[in-house]
Structure formats: C-alpha cells, structure tokens
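Descriptive analysis of the structure
Each chain is listed here by its residues.
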Amino acid sequence: MASESWRMSRTELRDILNKYERAVEDDGYYLLQPSKAERALLGEDLLRRRAQAMKKARDQNRCFVEAVIADLPDLCEGPDAVLVPPRPVAQFRSLHDGVSTLPASSYGSLASVFLHLFRDWSEKCQHVVTSTYAPAIAELARLVPKGGQVLVPGAGLGRLALQLAAEGYKVEANDASRLFLTFADYLLNRAPKDGMPLSPLAHVFSENWSYDQQYTEVTVPKPHPESFAGSDVATVELFPGDFVKTYEAGGPGYRRFDALVTSFFLDTPADVEQLFRVMDALLGEGGVWINIGPLNWRKEARLKLTWEEIVAVWERKGYEFLTQKRAECDYHMPRGEKMYTESYTCSLIAAVKRKSSS
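Rules behind the numbers
One numbering rule holds for all chains: residues counted from 1, following each sequence as written. Note on the predicted model: pLDDT of at least 70 is required for a residue's local features to be given, and 80 or more for side-chain atom pairs to be given and counted; whole-chain, interface and lining totals, by contrast, use all residues. Side-chain measures here rest on the full set of heavy atoms in the structure, leaving out hydrogens and waters. Note on terminology: disulfide denotes any pair of cysteine sulfur atoms within 2.5 Å. In what follows, salt bridge is the name for a side-chain nitrogen of Lys or Arg lying within 4 Å of a carboxyl oxygen of Asp or Glu. Runs of H or I in DSSP of at least four residues are treated as helices and runs of E of at least two as strands, each being numbered from the N terminus. Between buried and exposed lies partly exposed: a residue is buried under 20% and exposed over 50% of the maximum accessible area for its type, with that area taken using a 1.4 Å probe on protein chains only. To estimate how far a helix should extend, the number of its residues minus one is multiplied by 1.5 Å. The arc refers to the directions leading from the helix axis to the C-beta atoms. Throughout, the bend at a residue refers to the angle made by two axes, fitted to the seven residues ending there and to the seven starting there. Exposure above 30% relative accessible area and no salt bridge define the residues that can form patches, which grow by joining like charges within 9 Å and nonpolar side chains of Val, Leu, Ile, Met, Phe, Trp and Tyr within 5 Å. Accessible surface area values rest on a Shrake-Rupley calculation with a 1.4 Å probe, where residue burial reflects the displayed protein chains alone. By convention a nonpolar core is built from buried Ala, Val, Leu, Ile, Met, Phe, Trp, Tyr and Cys residues, the set being connected through side-chain atoms within 4.5 Å. Throughout, a contact is declared for two residues whenever any of their heavy atoms are within 4.5 Å.

This structure, assessed with the given rule, holds 0 disulfides. This cysteine, Cys 125, is not joined by any disulfide, and Cys 329 carries the nearest cysteine sulfur, 13 Å off.

The following block contains the structure:
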C-alpha cells in the first residue's frame, strides 16, 4: 500500500526536532556557556539549576517526539511499513492530487506544535475549552440538532472537532499542516492511555517570573481522546490539505454542510475574499456559521478588515447574525501566570444563511 503523503516521514520529523533543539540551545547558549564575568554574576547554583532544567525539558520533549517518530513507517522495513495504522477515533482521508499543504514555514515548527498540545490537550489549559470551545458549541446546539453535518476548518490537533463529535454531531475536520496532521493522527488514535510528560514552553525564554512558567510540565493528552469516542467507531473524519483547494466548488471535499464552526481561523488566509466565497458555498439556506476568534491579521493578508466590515460582508451574502458577543480568551497559558500572556477579546457569533447572495 502506498505511503500516506500527508504524513511526515521519520527523517523529516527528526530534522524538525533537531531544528527545535538547536534553536533552544542557541537562545540559552550563554546560560549554559557563560563568560567568566557572567559566571561570576550568576553563581554556580543558578547555573547548575538552569542547566538541569534545560536538560530535563529537552529530554522530556525529545522522548515525546521520538514516540511519534517511532509510530511512523520505517521505510527500510519494506512494503508492510507503510500500511495504514489503527485509527479508532479519527479517520484520515487521502491527500488528493492538486491539493497542497502548508509550507514548512507555516505551522511547521515544533514550538507551535508544543504550544497547541499544551493548549488543547493538557489539564493546565482546561480554561481554553471553557472560554473558547464551550461557548461556540453552545451556540451551535441552539441552532443545529445533534446528528447535523459540521465542518471544522483549521482543526489543528482536533480538540474542538472531537468536542463537537462528543455532542453528537457528524464532524469533518480539515487542516493543511503536515506536521500538525502527523501529530494529530498519533495523538487522537494511538497515544498512550496515561499520556506522556511534556515541557511545552521550554523554548520561551521571555516574560517568565520563574522556572514554574518556562519549565511547566504537563501530561499529554489529557483527557485521552478515546474518552470522547465512547465506542470503537471513529467519531471524526479529517481531510488533509489546503482548505480552499479542498472545499472550493469542484474540489474533492466540496459538499453542503449543516454548519461551519471556525475557531481562530478567519484571520489566517492571505485572500479573505476567496476564503469567504468558499465558506459561503458550503452552506445552503438555513445553514449555520459559528465563529470565535480575533482578527490578528497576517502581514500577507490583502484585506485587513474590521469586525464591523466582516459583518457587513456576510449580511450582504444573505446571513442573519443571531448572536454577536465578545468573549475573553487566553490562547494557552492562563492570564496572569506569566508577565505576558497571549490573550484576546474575541468575536463570538452565530449566523444563519437566510438566502443565497446574488
């Protein structure tokens, strides 16, 4: 059976691990190899404690990634090495010809993966579920009955998609990062039941009160994804590939859904008009769009719209906004634990398509 092209190879993932470890060593180099004057300034106890903390975090994170690497096919074992592994929770479709994935420079670093593992799959960040995912799910439940077909673009490591499936929805999720898809496959389907230790912020040398922040340790995944499934039947279907190329009219994923649920997604594309056009075409009259997230536009974005402008655009497309609220969301570390945390006042909306735009 042919290799799954959306999965990273062992050598690719090792290269990414090496880049991450090199970046951490570079940032902490003078803490590990101080000058004579710096050594006298800090003293032997502080230097020893820092080296121990860095080594422990490195070894934990390396062990975690090596487990993912070991889960990937070993091409030297021959044809049997590329057989599709067990997937009790999330099924993955094939990456279609002509559908691209994100370049390695976009959501292609272990630093980003570690932050999302921390955010979505550690007990330390349960507040993310409470402040971000739960309100969006509550809005969906008011408008779409259980059993409805729901699409989650930019699904990342799958927590929101799995939460929706646990509520009884038929969930299709999409992501374009091969690195995130590789970790999501392992995490959702074959991670150890008791999880594994991780130091997800070991690379963040700024804004720390103490080691308690930079070297915080969590167990991932908690809760375990199989606890959502309730049976041995996969509850989420994940479609790899660029969202627009996958779901545009004529694309391999194009069809009508009962609802779209977007979380921290609207501000990710360079071409907003194209994104909105594709999203709109996936909903028929009566279809529901739920969104929670900020407008932290990328530099490459052509139209850096205000929220008021976005509402006007979608109203012109025939949507009625039934809910427009502001929601306070901490992206990962709870507010106040570091000198700076990535926190947003997000837009939470529920809109219904009343008529097709001309």
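All chains considered together, the criterion is met by 30 salt bridges. In this structure, Asp 185 and Arg 7 form a salt bridge, with 3.6 Å as the shortest nitrogen-oxygen distance. Here Arg 7 lies in the segment before helix H1 (10-27) and Asp 185 lies in helix H7 (residues 178-190), a separation of 178 residues in the sequence. There is no split in this pair, since Asp 185 and Arg 7 are both buried. Note that Arg 190 and Asp 185 form a salt bridge whose closest N and O atoms lie 2.8 Å from each other. Note on accessibility: Arg 190 and Asp 185 belong to one class, buried. One salt-bridge network, in which partners are shared between bridges, spans Glu 4, Arg 7, Asp 71, Arg 87, Asp 185 and Arg 190.

Each full turn of the α-helix corresponds to 3.6 residues, which orients residues three or four apart in the same direction. In a regular helix each residue adds 1.5 Å, so 18 residues correspond to 26 Å; H1 covers 26 Å between its end C-alpha atoms and thus fits that length. If you check which residues of H1 are buried, you get Arg 10, Leu 13, Ile 16, Leu 17, Tyr 20, Glu 21 and Val 24. Buried positions in H1, seen along its axis, are confined to an arc of 130° and lie on one side of it. The exposed set on the far side of H1, more than 90 degrees from its buried face, consists of Thr 11, Lys 19 and Arg 22.

Another aspect to go through is helix H3 (residues 36-71). An ideal rise of 1.5 Å per residue puts 52 Å on 36 residues; H3 reaches only 45 Å between its terminal C-alpha atoms. At Gly 43, H3 shows its maximal bend, which comes to roughly 95°. Turning to H3, its buried residues number three or more, namely Leu 47, Arg 50, Ala 53, Met 54, Ala 57, Gln 60, Asn 61, Phe 64, Val 65, Val 68 and Ile 69.

As a further point, take a nonpolar patch on the surface. A contiguous nonpolar surface patch, about 280 Å² in accessible area, is contributed by Leu 41, Leu 42 and Leu 46. Along the chain, Leu 41 turns up in helix H3. Classification of Leu 41 by relative accessible area gives exposed; the value is 70%.

Let's shift gears to the nonpolar core. If you look at the biggest cluster of nonpolar residues, it comprises 81 residues, and the most contacted ones within it are Leu 110, Leu 117, Leu 140, Val 152, Leu 164 and Phe 183. Ignoring sequence-local partners within four residues, the contact set of Leu 140 consists of Val 150, Leu 164, Tyr 169, Ala 259, Val 261 and Ile 290. In this structure, Leu 151, Phe 239, Phe 257 and Leu 282 belong to the second largest nonpolar core, which totals 28 residues.

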